[in-house]
Amino acid sequence: MPRFMSLIRIDEQQSQNFEMDPAFEERMGALFAEITTAGVMLDTAGLLPTKEGTRLLWDGGKVTCTDGPFTETKEVVGGYAIIQCKDMAEAVEWTRRFLEVHPGSWTVGAELRQIDEAANPPEA
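*Asks:* How should I be thinking about the pattern of salt bridges in this particular structure?
*Replies:* Proximity of charged atoms lets side chains of opposite charge pair with each other. Taken as a whole and assessed by the stated rule, the structure comprises 6 salt bridges. Between Arg-97 and Glu-34 there is a salt bridge, and its shortest N-O distance comes to 2.6 Å. With Arg-97 in helix α3 (residues 88-101) and Glu-34 in helix α2 (residues 24-37), this residue pair connects regions lying 63 residues apart in the sequence. Taking the shortest distance from any N to any O, the salt bridge between Arg-96 and Glu-93 comes out at 2.4 Å. Of this pair, Arg-96 and Glu-93 are both found in helix α3, 3 residues apart, which corresponds to roughly one turn of the helix. When salt bridges with common partners are traced through the structure, they connect Arg-9, Glu-111 and Arg-113 into a single cluster.

What follows is the structure, given as structure tokens:
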């Protein structure tokens, strides 16, 4: 079955003001239990803020490093999930459900990409 990577995109400045819905963790826990029991979730994690990150760029035969925060970037990757689904439609459905668990006042996006299995075969 194909694997997909969901890159969760957030506006880092806006996310600092997200109000935590008291039932959010409960809803997320229930979804994670369901997606894990279904054998779909392979790995997931949130990422530390960009102020603790570094960007590397290969350009003109040299590597340059830029320490965060990356304030010039509106959207950043705030987390990821690697899921295994029968097709893109199923991956979209799980990702849609993940986004819908979040409070309605939040803005959270996802970029969903199929992993190139020829270049990155799954571990046995």
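Read on, since the account is not over.
*Asks:* Looking at this model, I keep getting lost on the packing of aromatic side chains. Mind explaining?
*Replies:* For any two aromatic rings, the description comes down to two numbers: the centre-to-centre distance and the angle of the planes. The final tally for this structure, using the stated rule, is 2 aromatic pairs. Relative to Trp-106, the ring of Phe-24 lies with its centre 5.1 Å away and its plane at 50°, an arrangement referred to as tilted. One end of the pair, Phe-24, is in helix α2; the other, Trp-106, is in the loop between α3 and β6 (108-114), and 82 residues separate them in sequence. Judged by its relative accessible area of 10%, Phe-24 is buried. Between Phe-32 and Phe-98, the aromatic rings sit 6.4 Å apart at their centres with planes inclined by 10°, giving stacked as the arrangement. Separated by 66 residues along the polypeptide, Phe-32 in helix α2 and Phe-98 in helix α3 bring together distant segments of the chain.

*Asks:* Help me understand the side chain of Glu-12, please; the structure alone is not making it clear to me.
*Replies:* If you trace the backbone, Glu-12 turns up in helix α1 (residues 12-15). An unpaired buried charge is present at Glu-12: no salt bridge exists, and Arg-55, the closest side chain of opposite charge, is 8.0 Å distant.

*Asks:* I'm lost on the environment of Ala-110 in this one. Help?
*Replies:* Inspection of the secondary structure puts Ala-110 in strand β6. For Ala-110 and Leu-57, which are 53 residues apart along the polypeptide, the C-alpha to C-alpha distance reads 24 Å. Once residues within four sequence positions are removed from consideration, Ala-110 is found in contact with Ser-6, Leu-7, Ile-8, Arg-9, Thr-95 and Leu-99.

*Asks:* Just to check I follow, could you spell out unusual backbone geometry for this structure?
*Replies:* Most peptide bonds take the trans configuration, and most residues that are not glycine carry a negative phi. Here Gly-68 and Pro-69 are connected by a cis peptide whose omega angle stands at 10°. In this fold, Pro-69 is placed in the loop between β4 (62-67) and β5 (75-84).

*Asks:* Help me understand a nonpolar patch on the surface, please; the structure alone is not making it clear to me.
*Replies:* A cluster of nonpolar side chains, contributed by Leu-56, Trp-58 and Val-63, occupies part of the molecular surface with about 380 Å² of accessible area. Inspection of the secondary structure assignment puts Val-63 in strand β4.

Definitions and cut-offs
- Residues numbered from 1 in each chain as written.
- Predicted model: local features only at pLDDT ≥ 70, side-chain atom pairs only at ≥ 80, totals over all residues.
- Heavy atoms only, no water.
- Salt bridge = Lys/Arg side-chain N within 4 Å of Asp/Glu carboxyl O.
- Helix = DSSP H or I, 4+ residues; strand = E, 2+ residues; numbered from the N terminus.
- Phe/Tyr/Trp six-rings, centres within 6.5 Å; stacked < 30°, edge-to-face > 60°.
- Buried < 20%, exposed > 50% of the residue type's maximum accessible area, 1.4 Å probe, protein only.
- Lys, Arg positive; Asp, Glu negative; His and termini not counted.
- Contact = heavy atoms within 4.5 Å.
- Patch = residues over 30% accessible without salt bridge, like charges linked within 9 Å, V, L, I, M, F, W, Y side chains within 5 Å.
- Areas by Shrake-Rupley, 256 points an atom, 1.4 Å probe, with all protein chains shown as cover.

That is the geometry; function is a separate question.
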